Amino acid sequence: MGTYCEVISDDPRAAKIAFSEIKRLEKLLNRFDPNSEVGQLNRLGKLKVSGDTLKVIKKSRLAFNKSSGAFDITVAPSVEVWRQAKQNNKLPDARAIRTARDLINSQNLLIDENNRIVSFVKPKMQIDLGGIAKGYAVDCAIKKLQEAGVKSALVNLGGNMYALGSRAGKSWKIGIRHPRQKRKLMGEIFLTDRGVSTSGDYEQYFTLQGRRYSHIINPKTGSPVDNEVVSVTVLAPDAATADFLSTAILVLGKAKGRKLAESFPNTQAVIISRDDL
Ligand code: AMP
Ligand code: MG
């Protein structure tokens, strides 16, 4: 899934179980793999998908609705425009930005639940599950671990984690990194049976003509988000929810972002903005 994965457990079987489950999901959800379900859906505009892919897309629709469109998996065309900008080291032209932006709208993503068929209303629409798939994969890995009888494990997929059980009778301890100083911590959180996810402007960004650009797109503008928030850590009952919320809050900014987190049960957000540093 284009990132690292870390599994910590006393159970020697844990890493293998978690990795193979994550690999299985990567084969379904990776947009860069033309044979994945997402790859095929993006190419064909309509596809009968597996239960897993359907679940992620349904959860994404909930995220879209709850975040007033800040989280929108149909951002793929804009993600692509800006990925090319990064590659060519050249800003995209206004028309390319507009054309891609006009394709963003999860309301044009149809889900036929009974037949498990997902389809696009507009041609050239595409989806990108990069803001939720890692969290979902972590949740699935945890489920597999539980089924195997593993009582205690931490699974971390690129900053999207779930802490199962406790570690030597204590909660799992996770550090929140300083967004600008790699070795410095801003704080610590303690977790038992919870998901946590961090989204920031510091792990994946690029600079063009002296400006810093985030990898997260504001669906309203079709351009990278540009606000006061530099890092968001969300604690939630599952890792998929923590994952999409951390991405959505980065788009919404501090005030609206906090409100969104508060609208979910048993969920907290640590939002670090420029003036906190
Ligand atoms: P994360 O690192 O979890 O915050 O997710 C960022 C990734 O989600 C990006 O690399 C894109 O693949 C995708 N993405 C970017 N902007 C959005 C958005 N507004 N809504 C949903 N997904 C997004
Ligand atoms: Mg995310």
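Since this is a predicted model, take the numbers as computed values, not measurements. (Residues numbered from 1 in each chain as written. Chains lettered and ligands numbered in written order. Predicted model: local features only at pLDDT ≥ 70, side-chain atom pairs only at ≥ 80, totals over all residues. Heavy atoms only, no water.)

Here's the deal with the overall build of the protein chain
Here's step 1: Assigned secondary structure in the protein chain consists of eight helices and 15 strands.
Here's step 2: Against the compact-globule benchmark of 19 Å for 277 residues, the protein chain has a radius of gyration of 18 Å, which places it among compact chains.
Here's step 3: Expressed as lengths along the three principal axes of its C-alpha atoms, the size of the protein chain is roughly 55 × 50 × 35 Å.
Here's step 4: Taken over 277 residues, the protein chain has a buried fraction of 53%.
Here's step 5: Residue pairs at least 24 apart in sequence account for 64% of intrachain contacts in the protein chain once pairs closer than 6 positions are excluded.
Here's step 6: Summing over all exposed atoms, the protein chain offers an accessible surface of approximately 13800 Å²; the carbon and sulfur share of this is 48%.
Here's step 7: Side chains of the protein chain carry 44 positive and 28 negative charges; the gap between the two charge centres is 2 Å. (Helix = DSSP H or I, 4+ residues; strand = E, 2+ residues; numbered from the N terminus. Rg over C-alpha atoms; globule rule 2.2 N^0.38 Å. Buried < 20%, exposed > 50% of the residue type's maximum accessible area, 1.4 Å probe, protein only. Contact = heavy atoms within 4.5 Å. Areas by Shrake-Rupley, 256 points an atom, 1.4 Å probe, with all protein chains shown as cover. Lys, Arg positive; Asp, Glu negative; His and termini not counted. Charge placed at Lys NZ, Arg CZ, Asp CG, Glu CD.)

A word on the coordination of the magnesium ion (ligand 2)
Here's step 1: Around the magnesium ion (ligand 2), the protein contributes the donor atoms Asp243 (O), Asp243 (OD) and Thr247 (OG1), which lie 1.9 to 2.5 Å from the metal centre. Placement of both Asp243 and Thr247 in helix H7 (residues 239-252) is noted, with a separation of four residues, approximately one turn of the helix.
Here's step 2: By relative accessible area, which is 4% here, Asp243 ends up buried.
Here's step 3: A residue is classified by how much of its surface remains accessible, and Thr247, at 13% relative accessible area, is buried. (Donors = N, O, S within 2.8 Å, 3.2 Å for Na, K, Ca; no water.)

A closer look at the packing of aromatic side chains
Here's step 1: According to the stated counting rule, one finds four aromatic pairs in the structure shown.
Here's step 2: Taking the centre distance of 5.4 Å and the plane angle of 25 degrees together, the rings of Phe206 and Tyr213 count as stacked.
Here's step 3: Residue classification places Phe206 among the buried positions, given a relative accessible area of 9%.
Here's step 4: Between the NZ or CZ atom of Lys66 and the centre of the ring of Phe264, over which it lies, the distance is 4.6 Å. (Phe/Tyr/Trp six-rings, centres within 6.5 Å; stacked < 30°, edge-to-face > 60°. Lys NZ or Arg CZ within 6 Å of the ring centre and 35° of its normal.)

Focus: the environment of Asn266
Here's step 1: Within the secondary structure, Asn266 is located in the loop between helix H8 (254-262) and strand E15 (268-273).
Here's step 2: If near-sequence neighbours (up to four positions away) are discounted, Asn266 is found in contact with Arg194, Leu235, Ala236 and Pro237.

A look at the environment of Leu28
Here's step 1: Note that Leu28 resides in helix H1 (residues 14-29).
Here's step 2: Exposure remark for Leu28: the relative accessible area of 16% places this residue in the buried category.
Here's step 3: Separated by 59 residues in the primary sequence, Leu28 and Gln87 place their C-alpha atoms 26 Å from one another.
Here's step 4: Other than its neighbours up to four places away in sequence, Leu28 contacts Ser36, Glu37, Val38, Ser50, Asp52 and Thr53.

Quick word on the packing of helix H4 (residues 76-88) against helix H5 (residues 94-101)
Here's step 1: Closest axis-to-axis distance for the H4/H5 pair is 7 Å, and the angle between their directions is 155 degrees. As summarised for this structure, H4 and H5 are arranged roughly antiparallel, according to the angle between their axes. Two packed elements cross with a definite hand, and for H4 against H5 that hand is right-handed. Contact residues: H4 offers Pro77, Ser78, Val81 and Trp82, while H5 offers Ala96, Ile97, Ala100 and Arg101.
Here's step 2: Here the residues of the contact of H4 with H5 sort into six nonpolar, one polar and one charged. (Axes fitted to C-alpha atoms, helices over the stretch in contact; angles between N-to-C directions. Parallel < 35°, antiparallel > 145°, perpendicular 65-115°, else oblique. Left-handed = near helix turned anticlockwise from the far one by under 90°. Nonpolar A, V, L, I, M, F, W, Y, C, P; charged D, E, K, R; others polar.)

As far as function goes, none of this settles anything; it's purely spatial.
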